[in-house]
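# Coordinate analysis (summary)
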Amino acid sequence: MHLPEIDKYAHLDSPLHSWDPRVKIVSLFCLILSMVLASNLLVAGLGLMLAVALVFLSRIPFGFVFLHLRWVMLFVLLFFIIMPLTVSGEEIARFHFLSISRRGLELASLIGLRAFSAVLLVFPMIGTMKFSSTTAALQRLKLPNKLVQMIIFTYRYIFVALDEMGRMFMAARARGFRSGTNLHTLKTVGNLIGMLFVRSYERTEHIHRAMVSRGYDGTLRVLDEFALAKKDFLKAALVVALALGLYFAGWTL
Amino acid sequence: MKEAVRIENLHYTYPEGTQALKGISLRIYEGESVGIIGPNGAGKSTLLLHLNGILPAAGQGEGRVVALGEEIRRNDKRIRSDIGFVFEDPDEQLFMPRVFDDVAFGPLNMGLSGEEVKARVKDALRAVNLAGFEERSPHHLSAGEKRAAAIATVLSMRPQILVIDEPASDLDPRSRRNIIHLLNTFRMTKMIATHDLDMVLEVATRCILLDEGKVIKDGPGEEVLKNRELLEAHGLEMPLSLLLRSQNF
């Protein structure tokens with residue numbers, strides 16, 4: 001099964017690719033934080049423009065980014081359906097008994113802009129370095145070792161588990177299974193997912209054995225070779241200044 | 001010849017009650033290449049798991065395993081860099097996001113310096129013909145490359161004994177040939193559990209036939225593998241190359 005990988009464009013060359021992973025994660029995290037805290041539409045819109053600019057600067061193709069954004073769109077769509085109908089405020093349109101409020105629409109737009117900006121920034125943040133550099137940087141940033149291990153193993157084995165699931169569904173289809181909106185489909189899919197869990201559990205035991213036999217004692221050690229330069233701090237200063245600017249703009253605009 | 005492994009009257013019963021080993025005793029000498037054969041459930045993998053003390057703690061066992069002069073106990077960590085264990089499924093041996101980290105995993109746990117780790121990774125990958133694969137994701141390797149990378153993960157620890165479970169399962173003929181060639185280039189003591197008896201003929205100087213948790217036959221590779229009646233009595237078949245030779249092909 002082909003699955004798009006977050007570090008597919010880590011080999012490109014851009015100011016974001018050459019940025020020290022640790023400083024990049026911290027700086028862009030500050031920017032994400034300022035975007036999710038945006039208190040009005042103008043600031044959230046500025047944040048989105050900034051996020052688009054950073055994706056452009058990272059040279060990651062927008063087609064690849066949009067491919068991942070469709071899930072965010074689904075999430076945001078729910079807010080656009082629910083909030084204009086449920087938040088009270090000035091009515092801007094009415095369809096029979098359904099009343100659409102301006103306040104609800106504004107709130108849904110604000111949530112949508114925040115969500116898009118934050119998710120867009122994930123691409124320049126972790127899509128511009130190899131996944132191993134991301135996890136090594138997180139480890140150097142003192143993220144708990146167990147959490148880093150969970151991230152590493154999830155990323156490594158999600159593809160294996162999905163491949164396995166694909167094979168199981170293929171085997172089911174080869175024996176005449178056709179999915180539909182019925183109880184039989186629910187039961188079959190439930191059984192397949194249950195079997196995947198059982199197999200994954202067995203696999204974790206085997207992986208643990210393989211780790212222990214190579215000296216694993218509960219702490220994951222990785223070799224990293226990060227080197228900080230002046231330009232890393234300059235980039236960080238610029239991004240953090242933008243984050244602060246956005247945050248304080250929310251108070252004044 | 002100096003003794004590498006001594007197993008004395010080894011018994012092991014899994015928590016669910018399966019008696020996997022019933023009094024195994026054998027000696028392996030330094031530099032030997034030993035093929036361990038037997039039908040499914042014979043106890044091959046269980047025997048190998050005793051060599052670096054990683055069997056589940058809930059199981060019941062008795063007997064002694066001495067490797068490189070030290071008695072091995074369950075969860076014994078001292079010996080693990082000296083005995084390299086390659087598991088059957090490379091997706092379980094290669095658990096890191098890139099090949100470099102997988103091959104470096106053992107040396108880093110041994111507490112080696114960064115420079116030493118990098119040198120070992122380079123040597124190990126070169127030894128399995130995977131130089132330049134450092135940045136590759138294990139998920140994107142072919143079955144043969146995964147198997148070779150799995151072997152590199154223990155070679156980087158520079159073990160004195162190499163233990164491999166089913167090195168050729170799921171491999172196409174070319175990849176299988178590459179693994180046979182690789183195994184023949186390694187000079188350390190080797191213990192290889194497999195159903196591929198033609199492979200045993202090519203890589204092992206000695207062959208141990210296990211069935212129902214017991215040693216049935218222990219002798220020079222060709223001598224054991226030529227014994228058609230014995231092999232068939234224990235659910236195995238004579239290697240095709242020997243069969244053809246016996247029929248003057």
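Before reading on, note that the structure itself is shown above.
Structural notes, computed from the coordinates. Worth saying up front: this structure is predicted, and the values here are computed from it rather than measured.

## Observations concerning the overall build of chain A
If you tally the helices and strands in chain A, you get 8 helices and 2 strands. Written out in order from the N terminus, the α and β elements of chain A read α-α-α-β-β-α-α-α-α-α. Computed over the C-alpha atoms, the radius of gyration of chain A is 23 Å, more than 25% above the 18 Å expected from 2.2 N^0.38 for a compact globule of 253 residues. If one aligns the C-alpha atoms of chain A with their principal axes, the spans along those axes are about 60 × 60 × 30 Å. The burial tally for chain A puts 42% of its 253 residues in the buried class. Across chain A, every contact between residues at least 6 apart in sequence was considered, and the portion connecting residues at least 24 apart equals 75%. Within chain A, the 15 negative side-chain charges are centred at a point lying 3 Å from the centre of the 27 positive side-chain charges.

## Regarding helix α6 (residues 145–174) of chain A
Residue and element names in this part refer to chain A. For α6, spanning 30 residues, the distance from its first C-alpha to its last is 43 Å, which sits close to the expected 44 Å at 1.5 Å a residue. At Tyr 157, α6 shows its largest kink, close to 35°. Once α6 ends, the next one or two residues include Gly 176, with phi positive near 95°.

## Digging into the interface of chain B and chain A
Size of an interface, as often reported, equals the accessible area lost when the parts are brought together. Each partner contributes residues to the interface: chain B has 33 residues there, and chain A has 28 residues. Summed over both sides, the interface between chain B and chain A buries roughly 2,900 Å², with carbon and sulfur atoms accounting for 59% of that surface. Looking at the side of chain B facing chain A, the largest losses of area belong to Glu92(B), Phe95(B) and His139(B), adding up to 23% of the total buried there. Between chain B and chain A we count 4 salt bridges in total.

## Focus: the pattern of salt bridges
Applying the stated criterion across every chain, the model contains 31 salt bridges over all chains. Where Arg167(A) meets Glu164(A), a salt bridge forms, and the shortest distance between an N and an O atom there is 3.9 Å. Highlighted residues: Arg167(A) and Glu164(A), both in helix α6, separated by 3 residues, approximately one helical turn. A residue is classified by how much of its surface remains accessible, and Arg167(A), at 51% relative accessible area, is exposed. You can call Glu164(A) buried: its relative accessible area is 9%. The closest approach of N and O atoms between Glu92(B) and Arg203(A), which form a salt bridge, is 3.7 Å. Placement of Glu92(B) in helix α2 (residues 90–93) and of Arg203(A) in helix α7 (residues 183–212) is noted, with the two residues assigned to different chains. Its relative accessible area of 13% is what places Arg203(A) among the buried residues.

## Quick look at the sheet that holds strand β8 (residues 189–193) of chain B
Working definition: the strands of a sheet are paired by backbone hydrogen bonds and lie parallel or antiparallel to each other. Residue and element names in this part refer to chain B. Spatial strand order, β6-β7-β8-β3-β9-β10: 6 strands in an open sheet with mixed pairing. Each having just a single partner strand, β6 (83–86) and β10 (214–220) make up the two edges of the open sheet. Going across the sheet, the axis of each strand differs from the next one's by a mean of 15°, ignoring polarity. In the sheet, strand β3 (residues 33–37) pairs with strand β9 (residues 206–211) via 4 bridges, with the strands oriented parallel. Its bridge partner lying in β9, Ile 37 is registered against Leu 209. Sitting on the sheet, helix α5 (residues 143–155) is in contact with β6 and β7 (161–165), with an inclination near 160° to β6.

## What to know about the packing of helix α1 (residues 21–36) of chain A against helix α5 (residues 131–140) of chain A
All names here are of chain A. In the contact formed by α1 and α5, the axes pass within 9 Å of each other and the chain directions differ by 80°. Classified by the interaxial angle, the pair formed by α1 and α5 is roughly perpendicular. Taking contact as the criterion, the partners of Pro 21, Arg 22 and Ile 25 in α1 are, on α5, Ser 133, Thr 134, Ala 137, Leu 138 and Arg 140. A class-by-class count of the residues in the contact of α1 with α5 yields 4 nonpolar, 2 polar and 2 charged.

Definitions and cut-offs
- Residues numbered from 1 in each chain as written.
- Chains lettered and ligands numbered in written order.
- Predicted model: local features only at pLDDT ≥ 70, side-chain atom pairs only at ≥ 80, totals over all residues.
- Heavy atoms only, no water.
- Helix = DSSP H or I, 4+ residues; strand = E, 2+ residues; numbered from the N terminus.
- Rg over C-alpha atoms; globule rule 2.2 N^0.38 Å.
- Buried < 20%, exposed > 50% of the residue type's maximum accessible area, 1.4 Å probe, protein only.
- Contact = heavy atoms within 4.5 Å.
- Lys, Arg positive; Asp, Glu negative; His and termini not counted.
- Charge placed at Lys NZ, Arg CZ, Asp CG, Glu CD.
- Expected span 1.5 Å × (residues − 1).
- Bend = angle between axes of the 7 residues up to and from the residue.
- Buried area = accessible area lost by both parts, 1.4 Å probe.
- Salt bridge = Lys/Arg side-chain N within 4 Å of Asp/Glu carboxyl O.
- Pairing = 2+ DSSP bridges.
- Axes fitted to C-alpha atoms, helices over the stretch in contact; angles between N-to-C directions.
- Parallel < 35°, antiparallel > 145°, perpendicular 65-115°, else oblique.
- Nonpolar A, V, L, I, M, F, W, Y, C, P; charged D, E, K, R; others polar.

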